[in-house]
Amino acid sequence: ASFWLLLTDEIPSDAEVKALNEELHKRSALPESVVKTIDSLPKETDSEKSLYGWQGLDTVNCIVDEWREEAKQWDLGKIPDMVPAGLQYNPDLRSYYEGEGPGQFENRPIQVDDREAPTELRFQTREQASDFQLALEFFGRWDEEPRSTGMVLDLGCGDALMARRFVQSKHFQTVFAVDILWAPLAAARAAAEAENTFKDGLLMLRGDAQSLPFREKQLDFVWWGLGIHKVQDAEKALRNIKEVLKPGGRMIATTRTFLYPPFELRLMAKTAGLENISVECVGEGTSAERLLLRDTHPMTQLSIGLLALQPTSEFGKAYRSGTLKKNEYWVYTLEDALSLVAKVPILAARIFRNVFMEGKHIPSDPSMDWAGNYAQMLGVSDDALFKDVTRMYLMLHADHEAGNVSAHTTHLVGSALSDPYYSYAAGVCGLAGPLHGLANQECLRWLKNTRQELGGKEPTVEVLTQFAKDTLASGKVIPGFGHGVLRNTDPRYVIQRQFAQAGS
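If you look the protein up in an unreviewed UniProt entry, it shows as Citrate synthase from Durusdinium trenchii. According to the UniProt record, the Sequence similarities (unreviewed entry) comment for the protein reads "Belongs to the citrate synthase family."

Shown next as structure tokens:
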């Protein structure tokens, strides 16, 4: 009814509301190509990681001549330093500097005793457990009897969790844990001593990914977790890794997609001489295209979905036919607008269920009204009040003025005769900005951070005033505040507050 009112400036009859609702349901079906596009997007919204991998003695002799003497420290139980003397590295700045060596790191003999290492493979997060299984599967060692063969490198090892679990799995003869910083090696040493995993083939060393101290064709496997984006020259590091891998050896690595787009990773790996390159999402199949959309915010997914619908535009088809007259623009624009209003709830609900409900979808119910059907497809609550609050919220925001970023952007793009699909997608991109629609999310984030930083202190007016001043003085903004309209109480807030009080 509110949609009819906005379109015609008239209050509709029950029959007109019913007819409009039926028309919207008829238009609501998403093309299969759009469904596949949305379903191919990752389900996680937080910044995760992308994956790419490819196939690519004795422990002292596998080290290059320059570091052979240093490697003999392993016989004494120490951690060899195989980086040029005095050279330190800052992974945050991705740069080297002249340092004073290990600092507080005491390169003492490693403590080993007769205790049996624990057999249970413990991980602090599901992501770590997933990484471990992923690596073993790629190395061809998952679901197989332990065979204790081959040499594996945990590069940029940190506390060497993966290296320690490689040792515990008994799938490898020798496990190297390499990091360029002494602090994580100290933590790794302490953890390995506590578990007593040194005696089963774990060897730690300080080394540089861009100049690994191994001789050519020595290693069978390399795991490099979240490290590619931290080195100064990633391509040089990949070339170095290829050199130290045996023919047919395998290397698997993870990185952040927002730091290294997948096409860059693929090109860089190919330039480095690696073969059989595979770029894929962790747990998301093997498609490089799907990886390209990793870490996709729901608003990004919505704009992608709108653009994927663009080929169905009636305005676009009519304009391309060459027969469309100016006085008919509104007819086809309205056609597209009606179809968009019909399809957006289906699209938005599908994105929501993909992100938060493991892709388990609730079908559209043609017998229900537009907003109530959307609430039901979200599946957040079976309470009838949830449908009512959805109806109220959408009605309050239906007429969104013309001066804000998203509405202005939609009009501006439409003024170029871009069809409504292009215009709506552009408006959604504007809405996704932290000073516009995303401010809702940023407000919640700011409030949670504020509560955490106050550390239990009572949030009095004086305390919050000072906190707000400190926030602004640090050059940050307080999201959601500063809009001219907010100097007066927003009537939409009053209506929603009254609804909440009545419902409680």
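Here the narrative resumes.
**A short note on the packing of aromatic side chains**
All told, the structure shown has 14 aromatic pairs when counted by the stated rule. With centroids separated by 4.7 Å and ring planes inclined at 35 degrees, the aromatic side chains of phenylalanine 139 and phenylalanine 221 adopt a geometry described as tilted. Within this pair, whereas phenylalanine 139 is found in the loop between helix H5 (126-138) and strand S4 (151-155), its partner phenylalanine 221 is found in strand S7 (residues 219-224), the two being separated by 82 residues in sequence. The burial state of phenylalanine 139 is the same as that of phenylalanine 221; both residues are buried. Here arginine 165 stacks its cationic end above the ring of phenylalanine 123, 5.9 Å away from the centre of that ring. A cation over an aromatic ring shows up here: arginine 250 above the ring of phenylalanine 138, its NZ or CZ 5.3 Å from the ring centre.

**Considerations on the packing of helix H11 (residues 298-309) against helix H13 (residues 329-356)**
Axis separation between H11 and H13 bottoms out at 10 Å; the angle between their running directions is 140 degrees. By the criterion of interaxial angle, the relationship of H11 to H13 is oblique. Regarding H11 and H13, the two cross each other, and that crossing is right-handed. Residue-level inspection shows Pro298, Gln301, Leu302, Gly305, Leu306 and Leu309 of H11 in contact with H13, the latter providing Leu340, Lys343, Val344, Leu347, Ile351 and Val355. In terms of residue class, the contact of H11 with H13 is built from nine nonpolar, two polar and one charged.

**Side note on the pattern of salt bridges**
Considering all chains together, one arrives at 16 salt bridges under this definition. The partner of arginine 68 in a salt bridge is aspartate 65, with the nearest N and O atoms 2.6 Å apart. Since its relative accessible area comes to 18%, arginine 68 is described here as buried. Classification of aspartate 65 by relative accessible area gives exposed; the value is 62%. With its nearest N and O atoms 3.6 Å apart, the salt bridge here joins lysine 199 to aspartate 200. One network of salt bridges, with partners in common, ties together Asp159, Arg164, Arg165 and Glu195.

**Here's the deal with H11**
Taking 1.5 Å per residue, twelve residues should reach 16 Å; H11 reaches 16 Å between its end C-alpha atoms and fits that length. Residues of H11 that are buried: Met299, Gln301, Leu302, Ser303, Gly305, Leu306 and Leu309.

**Focus: the pairing of strand S6 (residues 202-206)**
Burial runs high along S6: five of the five residues are buried. Side chains of S6 alternate between two faces, with Leu202, Met204 and Arg206 and Leu203 and Leu205 buried alike. Examined bridge by bridge, strand S5 (residues 174-179) and S6 share five bridges and lie parallel to one another. Opposite valine 178, over in S6, you have leucine 205 as the bridge partner. Handedness of the crossover joining S5 and S6 through helix H7 (residues 182-195) is recorded here as right-handed.

**Quick look at the nonpolar core**
As a rule of thumb, nonpolar side chains are buried together in soluble globular proteins. Counting 40 residues, the largest nonpolar core has Leu153, Phe176, Phe214, Leu219, Trp224 and Ile241 as the members making the most contacts within it. Looking at this core, the elements that each hand over two or more residues are S4, S5, S6, S7, helix H8 (234-244), strand S8 (245-255) and helix H9 (262-271).

**Considerations on the packing of helix H14 (residues 370-378) against helix H15 (residues 384-398)**
Put simply, H14 and H15 touch, their axes get as near as 8 Å, and they point 125 degrees apart. It follows that H14 is oblique to H15 by the angle criterion. Relative to H15, H14 is oriented so that their crossing is right-handed. Contacts from Trp370, Ala371, Gly372, Tyr374, Ala375, Gln376 and Leu378 of H14 reach H15 at Phe386, Lys387, Thr390, Arg391 and Leu394. Tallied by class, residues from the contact of H14 with H15 come to seven nonpolar, three polar and two charged.

What counts and how
- Residues numbered from 1 in each chain as written.
- Predicted model: local features only at pLDDT ≥ 70, side-chain atom pairs only at ≥ 80, totals over all residues.
- Heavy atoms only, no water.
- UniProt positions renumbered as here; feature names shortened; annotations may be inferred.
- Phe/Tyr/Trp six-rings, centres within 6.5 Å; stacked < 30°, edge-to-face > 60°.
- Helix = DSSP H or I, 4+ residues; strand = E, 2+ residues; numbered from the N terminus.
- Buried < 20%, exposed > 50% of the residue type's maximum accessible area, 1.4 Å probe, protein only.
- Lys NZ or Arg CZ within 6 Å of the ring centre and 35° of its normal.
- Axes fitted to C-alpha atoms, helices over the stretch in contact; angles between N-to-C directions.
- Parallel < 35°, antiparallel > 145°, perpendicular 65-115°, else oblique.
- Left-handed = near helix turned anticlockwise from the far one by under 90°.
- Contact = heavy atoms within 4.5 Å.
- Nonpolar A, V, L, I, M, F, W, Y, C, P; charged D, E, K, R; others polar.
- Salt bridge = Lys/Arg side-chain N within 4 Å of Asp/Glu carboxyl O.
- Expected span 1.5 Å × (residues − 1).
- Pairing = 2+ DSSP bridges.
- Right-handed = clockwise from strand over helix to strand, strands pointing away.
- Core = buried A, V, L, I, M, F, W, Y, C linked by side-chain atoms within 4.5 Å.

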